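Residue-level structural notes
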Amino acid sequence: MGDTTHPAAAPYFAPHDGKGGILAWLTSTNHKRIGILYLALIGFFFSTAVVLGVLMRIQLQSPGMRLMDARTYNILFTMHGILQIFLVVIPGIPTIFGNFALPMLVGANDMAFPRLNLFSWYLFLSGAILAGVAVFTNGGAPDTGWTFYVPFSLKTSVNVPLATFAVFVLGMSSILTGINIVTTVHQLRAPGMTFFKMPLSVWGLYATAWVQILATPIVGITMLLIVVERLFGIGVFDPTKGGDPLLYQHLFWIYSHPAVYIMILPAMGIISDLFPVFSRKNIFGYKMIAFSSLAIASVGSLVWGHHMYVSGQSDTANIVFSLLTFLVAVPSAIKVFNWIATMYKGSIKLEPPFLFALTFVFLFSIGGLSGLFLGALAANVQLHDTYFVVAHFHYIIFGGFGFGIFAALHYWYPKMTGRMYSKRAAVIGWLVTFVGFNAFYFPMFIMGWQGMPRRYYAYLPKFAELQLLSSLGSYVMVAGLVVIIGNLLYNAKRGEKASANPWGGATLEWTLPSPPPLENWEEPPTVTKGPYDYSGLGEEK
Amino acid sequence: MSSHEHAADPDRGRIGMWLFICTEILLFGGLFLLYSVYRYKHPADFHAASLDLSRFAGTLNTIVLISSSLTAALAVHELREGRIARAKLLIGATLLCALAFLTVKGFEWGAKFEHGLYPNAPHLLSLPPGQILYFGLYFTMTGLHAVHVIVGMGVFGYGLREMSRGKVTLKNPILIENATLFWHLIDIIWIFLFPLFYLIS
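Residues numbered from 1 in each chain as written. Chains lettered and ligands numbered in written order. Predicted model: local features only at pLDDT ≥ 70, side-chain atom pairs only at ≥ 80, totals over all residues.

**Re the overall build of chain B**
Along the backbone of chain B there are eight helices and zero strands. Reading the helices (α) and strands (β) of chain B from amino to carboxyl end gives α-α-α-α-α-α-α-α. Its C-alpha atoms put chain B at 60 × 30 × 25 Å along the principal axes. Split into buried and exposed, the 201 residues of chain B put 33% on the buried side. (Helix = DSSP H or I, 4+ residues; strand = E, 2+ residues; numbered from the N terminus. Buried ≥ 20, exposed ≤ 12 C-beta atoms within 10 Å, placed from the backbone.)

Pasting the structure below:
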């Protein structure tokens, strides 16, 4: 792994060929710049969705709270869901780190299709604008929940067609990103980088890209059908014309369950990269982790029916889907055990990225195990559509994806900015977020078990204490997020200059200067060592 | 930079196109799934409704579209032999076939509209549910297919322009190759649509 970069090359974000300013960014096909463009948009959407979430928590703070009426509350949870799912969590890691880091991780200079890559970003932006327009026009923001279930989404007066079309456009963007990632991994690996010398984050992104390619078209057509149904009334989902609303649920979840793995798989990949770095030890069970990503991607495509246990589908379907759901737990557990085993007798350094990574494993385990409750047919009848489900997926998605992406941000931050954030502020932010998170979501498990339904803007007085605790937790968590994000933003220009390899990583991106130049390598690097071979690599000061 | 790299490695463009074709098949797959379920539920209604379609127009369009696939494939062959002028002619023929296909389709749709067989039409709503669903699916699936035909024509049109400008050559045929792959996909989807809607018994 020779360092063949020109030492004096300008950073990738500096003006290039005399062209600077925002326009140079908006027309750049460079993978690192596009990654940052995505980060900017997604950061904005995340913050907006957090504000909507806090508004909901204020409404739920006490049983008699009258901050908003029921319809406004419905709009809030719908928009919170659309923003977080379609504009933050699904695109999140594949677009930000799939672009910024992936080419460097495999030793390439760019993605396979750089112009297509920029086009995907514009599609993403267009989808976001369409969703934004849908909020303010033609009857107002959707109040259907992010799932757009028929027949309600066909009957409600609000702007469902535009919102679903926005989801379709976002889906196209996601598909093109997936195609770019698969082609890049197949075609642009550096000489010597065999599939089994790829960093596990690349395996995670690769498995995810396949899910993006193979699952997204289904939700694309489903969303288009909602548009066509609303505009022309073709009847395929309309029970008054003989259509079957259940078929909508099937089509929707055929995509939207695999989408959960689009959310979590790349985070798992990145976590697998972080454990060896901060334990100074080769990963335990490289191949098992790589293959378990593919196993999750494939088995995860066959479990969508577990969202429909109480929809009236046949008992046979229920039993099969339940069995397959339990099977997904196996590869997930393989990963968790391998991460833990990697730490065994390692030389552990609790740097901020690793704190986030460890939290990922802790929260993901709670979320995953609660998933087994929901996957069990008998328990599901009691827990379906309760706060238990809300707690479960926030433990998976926020605890998993959220802490995963924060781990990634804190890990690659020196590469992205050339600077280092305040580690102390990062640890404080992490601790406050972690405490707030658990106070926020854990009570929801209990409330769900006691029968508190999701999506209600008011509730019985018996839930008052736990709801208050949950609301207070959410405020603490947001305070922690402000510290984390503020620390990252503040130090992007003011932080201490970072060295090329501040964590002592053995993957290729750390052989480049921080920040890397626009063109990563003048000559492609030759790979001779594995991604977690730390021999001869000291930590730079 | 990117165009130079494309010239260097056509495999990359091919992989991208094949992956895209997978997504297209799945896009239509959702509709075929709906079709299968509803036909299974209402076999008699589907048969009755299919009698309203013109088998002659459907057969004609099938022949037209298969011919267009042939001319597109021949265009790629000529391009690989370096005969750009002939290739351009053959792509022109493909575009004409596509136009003919859309024209026939337009007349077919027009005839349905006249007979009150369009979504939400009072006459259609008076028919049994299976027939309503049949026509809902007919218009959605052939409509989405027609959109693909139009997009394909746009890509071929762009290809013609690039050939005239000397951007698509013997050494860099990937644009036309990929356009033709996409065109074959459109053809194959029609090959499934035709029997499923016109030849039910």
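After presenting the structure, the write-up continues.
**Details of helix H12 (residues 352-375) of chain A**
Here H12 of chain A spans 34 Å end to end across 24 residues, near enough to the 34 Å set by a 1.5 Å rise per residue. Burial runs high along H12 of chain A: 18 of the 24 residues are buried. (Expected span 1.5 Å × (residues − 1).)

**Thoughts on the packing of helix H8 (residues 200-232) of chain A against helix H2 (residues 10-41) of chain B**
As a packed pair, H8 of chain A and H2 of chain B sit with axes 8 Å apart at the nearest point and diverge in direction by 40 degrees. Classified by the angle their axes make, H8 of chain A and H2 of chain B are oblique. The hand of the H8 of chain A/H2 of chain B crossing is right-handed. Across the interface between the two elements, Ile213, Leu214, Pro217, Ile218, Gly220, Ile221 and Thr222 of chain A from H8 of chain A touch Leu19, Cys22, Thr23, Leu26, Leu27, Gly30 and Leu31 of chain B from H2 of chain B. Its residues assigned to classes, the contact of H8 of chain A with H2 of chain B comprises ten nonpolar, four polar and no charged. (Axes fitted to C-alpha atoms, helices over the stretch in contact; angles between N-to-C directions. Parallel < 35°, antiparallel > 145°, perpendicular 65-115°, else oblique. Left-handed = near helix turned anticlockwise from the far one by under 90°. Contact = placed C-beta atoms within 7 Å. Nonpolar A, V, L, I, M, F, W, Y, C, P; charged D, E, K, R; others polar.)

**Quick look at the nonpolar core**
Grouped together as the largest cluster of nonpolar side chains are 215 residues, with contacts concentrated most on Met263, Ile271, Leu274, Phe360 and Ala407 of chain A together with Leu137 of chain B. If you tally residues by element for this core, the top one is helix H9 (residues 245-279) of chain A, at 21 residues. If we ignore the near neighbours within four places in the chain, the residues touching phenylalanine 360 of chain A are Ala267, Ile271, Gly399, Gly400, Phe403, Gly404 and Ala407 of chain A. (Core = buried A, V, L, I, M, F, W, Y, C linked by C-beta atoms within 7 Å.)

**Details of the interface of chain B and chain A**
Listed by partner, the interface residues are 26 residues for chain B and 29 residues for chain A. Those elements that provide at least two residues to the side of chain B that touches chain A are H2 and helix H7 (129-164) of chain B. Looking at the side of chain B that touches chain A, the element that brings in the most residues is H2 of chain B, giving 14 residues.

**A short note on the packing of helix H2 (residues 31-59) of chain A against helix H3 (residues 70-100) of chain A**
Residues and elements named next belong to chain A. Orientation of H2 relative to H3, taken along the N-to-C sense of each, is 155 degrees, at an axis distance of 8 Å. In terms of axis orientation, H2 runs roughly antiparallel to H3. The way H2 lies across H3 gives a crossing that is left-handed. Among the residues making up the contact of H2 with H3, the classes are represented as 22 nonpolar, ten polar and one charged.

**Let's talk about the environment of valine 228 of chain A**
Following the sequence through the fold, valine 228 of chain A ends up in helix H8. What makes valine 228 of chain A buried here is the crowd of 21 C-beta atoms within 10 Å. Distance in space between the C-alpha atoms of valine 228 of chain A and aspartate 69 of chain A is 31 Å, their sequence separation being 159 residues. Ignoring sequence-local partners within four residues, the contact set of valine 228 of chain A consists of Ile234 of chain A together with Thr140 of chain B.

**What to know about the confidence of the model for chain A**
Averaged over chain A, the pLDDT score is 92; the fraction of residues at 70 or greater is 98%. For residues 1-7 of chain A, every residue scores under 50 in pLDDT, and the model assigns this stretch 20 contacts once sequence neighbours within four places are set aside. (pLDDT = per-residue confidence, 0-100.)

**Overview of the environment of glycine 536 of chain A**
All names here are of chain A. With respect to the secondary-structure elements, glycine 536 resides in the segment after strand S2 (496-497). Judged by the 7 C-beta atoms lying within 10 Å of it, glycine 536 falls in the exposed class. A C-alpha to C-alpha distance of 20 Å links glycine 536 and phenylalanine 284, two positions 252 residues apart in sequence.

**Details of helix H3 (residues 43-50) of chain B**
Residue and element names in this part refer to chain B. Of all the residues in H3, the buried ones are Asp45, Phe46 and Ala49. Down the axis, H3 shows its buried residues gathered within 100 degrees of arc, on one side only. Across H3 from its buried face, at more than 90 degrees, point the exposed residues Pro43 and Ala44. Contacts made by the buried residues of H3 are with H2 and H7. (Arc of directions from axis to C-beta.)

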